[in-house]
Amino acid sequence: MTTGGEPGWGQPDGQRPPATGQQYGGQQYGQPFPPYGQPYAQFQPPIPAGPDGRPPLWAPWYGIGFLDATTRFFAKYARFDGRASRSEFWFWTLANGLVNLVFLGAYLVALFSWIAANTSTDAYGVTRSDAVGPPVVALLIGGV
């Protein structure tokens, strides 16, 4: 407080700011901002579509379906330009997981059938293995 009873802050020249609602130099609510130049574009131009309505391979395809995402993966698996959309990535991950699950099931079936075919139990309850070689079919499926 100053000796006159007024606060000791305010404008440097001692005058009070006008009471117009812009006390702190800001804008009123709902008023547009001044047109400052943006260094970067805020929105990108739309991706050009081909004659069939599909975006080019370098562009992400938003909202792609399961089969289209799987075939698009094989069309651009060796390209290292562009991007993939989330649906392209996750549908391919789902397809890859399903194929791996099928191969794992076939591997386990081949392995257990080989074990069952090469194991015997005699009259006294002793189990023994009659295997003469490795499980070739299971190893082939595992290799694939």
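Above: the structure in question.
One structure accompanies this document, and this report is about it. All values reported here derive from a predicted model rather than from experimental measurement.

## Considerations on a nonpolar patch on the surface
And step 1. Together, F66, L67, L94, L98, L101, L104, L108, F112 and I115 make up an exposed nonpolar region whose accessible area comes to about 850 Å².
And step 2. Of all the elements in the fold, those that place two or more residues in the nonpolar patch are α1 (66-76) and α2 (86-117).
And step 3. The element that contributes the greatest number of residues to the nonpolar patch is α2, accounting for 7 residues.
And step 4. Take L108: it is sitting in helix α2.

## Looking at the packing of aromatic side chains
For any two aromatic rings, the description comes down to two numbers: the centre-to-centre distance and the angle of the planes.
And step 1. Throughout the structure, instances matching the rule amount to 6 aromatic pairs.
And step 2. Residues F73 and Y77 carry aromatic rings whose centres are separated by 6.3 Å and whose planes lie at 35 degrees to one another, so their mutual orientation is tilted.
And step 3. Given a relative accessible area of 57%, Y77 falls into the exposed group.
And step 4. Centroid distance F74 to W92: 5.4 Å. Interplanar angle 85 degrees. Geometry classified as edge-to-face. Taken together, the residues F74 in helix α1 and W92 in helix α2 connect sequence positions 18 residues apart.
And step 5. Taken together, F73, F74, Y77 and W92 form an aromatic cluster joined through their ring pairs.

## Some details on the pattern of salt bridges
Pairing is possible between side chains that carry opposite charge, provided their charged atoms lie close to one another.
And step 1. In this structure the tally under the stated criterion is 5 salt bridges.
And step 2. In this structure, the salt-bridge partner of E88 is R72, at a minimum N-O distance of 2.8 Å. One end of the pair, E88, is in helix α2; the other, R72, is in helix α1, with 16 residues separating them in the sequence. Accessibility classification places E88 together with R72 in one group, the buried group.
And step 3. If you follow the salt bridges from partner to partner, you end up with D52, R54 and D68 in one network.

What counts and what doesn't
Numbers given for residues are sequential positions, taken from 1 along each chain in its written order. In keeping with the predicted nature of the model, local features appear solely for residues at pLDDT of at least 70, side-chain atom pairs appear and are counted solely at 80 or more, and the whole-chain, interface and lining totals rest on all residues. Side-chain descriptors were evaluated using all non-hydrogen atoms of the structure, hydrogens and water having been removed beforehand. Like charges within 9 Å and nonpolar side chains (Val, Leu, Ile, Met, Phe, Trp, Tyr) within 5 Å are joined into patches, using only residues over 30% in relative accessible area that form no salt bridge. Residue exposure ignores everything except the shown protein chains as possible cover, and the areas themselves are Shrake-Rupley values with a 1.4 Å probe. Salt bridges are defined by distance alone: a side-chain nitrogen of Lys or Arg within 4 Å of a carboxyl oxygen of Asp or Glu. Counting from the N terminus, the helices are DSSP H or I runs at least four residues long and the strands are E runs at least two residues long. Side-chain rings of Phe, Tyr and Trp, where Trp is taken by its six-membered ring, are said to pair if the distance between their centres is within 6.5 Å; with planes under 30 degrees apart they count as stacked, over 60 as edge-to-face, and otherwise as tilted. Think of it in three bands: with a 1.4 Å probe and only protein chains considered, a residue is buried below 20% of the maximum accessible area for its type, exposed above 50%, and partly exposed in between.

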